Amino acid sequence: MIQRQPASQPQGDQRHRGRQGRLNAHVVALHQDFKTPWMTQKGLRAAAGRLRLAHCHALPGAAHSATAAPAHRRGLRIVLDMVLNHTSIEHAWFRESRKSRNNPYRDHYIWRPGRKRRLGGDAPPNNWRSLIGPGGWHHDPTTDEWYFASFLPFQPDLNYRNPAVQQAMLDVVRHWLGQGFDGLRLDIFNCLFKDATFPSNPLSLRPLPSEDNPDGFFQSFRHSVNHPDTFAFARTLRQAVDQ
């Protein structure tokens, strides 16, 4: 979680202090629930407009931001759940990105050509798995290339080696903090950057990952998780939050 450093702890309206004390709560966490299409795979939803404000429709974030002032009057802080790693395949960026290899939004996502199999056909660019086990690369027949998703197939990873993506996502963070939120819960933040040379991950004897170690499914996620450039970007994000 990343949080602003306030000049002082909010004290809140004394009329509400008794109730807050009974709850013994100081922080309220909110999840963004944008209007989004239902996905057919596994019956799950992915947020088409989660990240890019220009493509959000009937943004319920306005309702969320309206809760900040009453919460602050009660001495509470508001933390917003934020997924910076990926968008939905229904997002306008990705729809453009998959149209052609020279589309202006192509480099907003991680696209790679496949490897040729000895017996014909294409194989994924490398052996990288998703965090839930299956292969993380997904073939798109429109341009005959593969996009990478650290989580689910309909949640393609953004390409943080593109400066335009970094700036756009920092602007999203600034927008929500400008609405009165006090901090962000950063989901799967450790996946933002990958090894730019795309080497295959080494073998691991671990069958399942743990909270302390992402390695699992007999693969070490050395080149696709916890990249040093992610920690460097965390410092940039810290600066944006403190502005």
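The coordinates are above.
Everything numeric here is computed off the predicted structure, so don't read it as measured data.

Visitor: Describe helix α5 (residues 163-178), with residues and values.
Guide: Compared with the 22 Å implied by 1.5 Å per residue over 16 residues, the 22 Å span of α5 between its first and last C-alpha is a close match. What α5 keeps buried is the set Val 165, Ala 168, Met 169, Leu 170, Val 172, Val 173, Trp 176 and Leu 177. Of the residues flanking the start of α5, the one acting as N-cap is Asn 162, its side-chain oxygen 2.9 Å from the backbone nitrogen of Ala 164. Gly 180 occupies a position one or two residues after α5 and carries a positive phi of about 110 degrees.

Visitor: Lay out the pairing of strand β3 (residues 77-82) with the relevant residues and their values.
Guide: Burial within β3 is extensive, with 6 of its 6 residues counted as buried. Burial along β3 is two-sided: Arg 77, Val 79 and Asp 81 and Ile 78, Leu 80 and Met 82, pointing in opposite directions, are all buried. The pairing of strand β2 (residues 27-30) with β3 spans 4 bridges and is classified as parallel. What sits directly across from Val 27, in β3, is Arg 77. As judged from the 4 bridges shared by β3 and strand β9 (residues 183-186), these two strands associate in the parallel manner. Residue pairing for β9: Asp 81 is matched across the bridge by Arg 185.

Visitor: Talk me through the pairing of strand β8 (residues 145-148); I want residue IDs and the actual numbers.
Guide: The alternating pattern of β8 places Glu 145 and Tyr 147 on one face and Trp 146 and Phe 148 on the opposite face, and all of these are buried. Taken together, strand β7 (residues 137-140) and the strand that follows it, β8, pair antiparallel across an intervening segment of 4 residues, in which Asp 144 is found at a positive phi of about 55 degrees.

Visitor: Which residues make up the nonpolar core, and what values go with them?
Guide: In terms of nonpolar packing, the biggest core is built from 35 residues, with Met 82, Leu 84, Tyr 160, Met 169 and Leu 237 touching the most fellow members. Of the residues forming this core, the biggest block, 8 residues, is contributed by α5.

Definitions and cut-offs
- Residues numbered from 1 in each chain as written.
- Predicted model: local features only at pLDDT ≥ 70, side-chain atom pairs only at ≥ 80, totals over all residues.
- Heavy atoms only, no water.
- Helix = DSSP H or I, 4+ residues; strand = E, 2+ residues; numbered from the N terminus.
- Expected span 1.5 Å × (residues − 1).
- Buried < 20%, exposed > 50% of the residue type's maximum accessible area, 1.4 Å probe, protein only.
- Polar contact = N/O pair within 3.5 Å; in protein donor to acceptor, adjacent residues only side chain to side chain.
- Pairing = 2+ DSSP bridges.
- Core = buried A, V, L, I, M, F, W, Y, C linked by side-chain atoms within 4.5 Å.

So, to be careful, I would describe these as geometric facts and stop short of saying anything about function.
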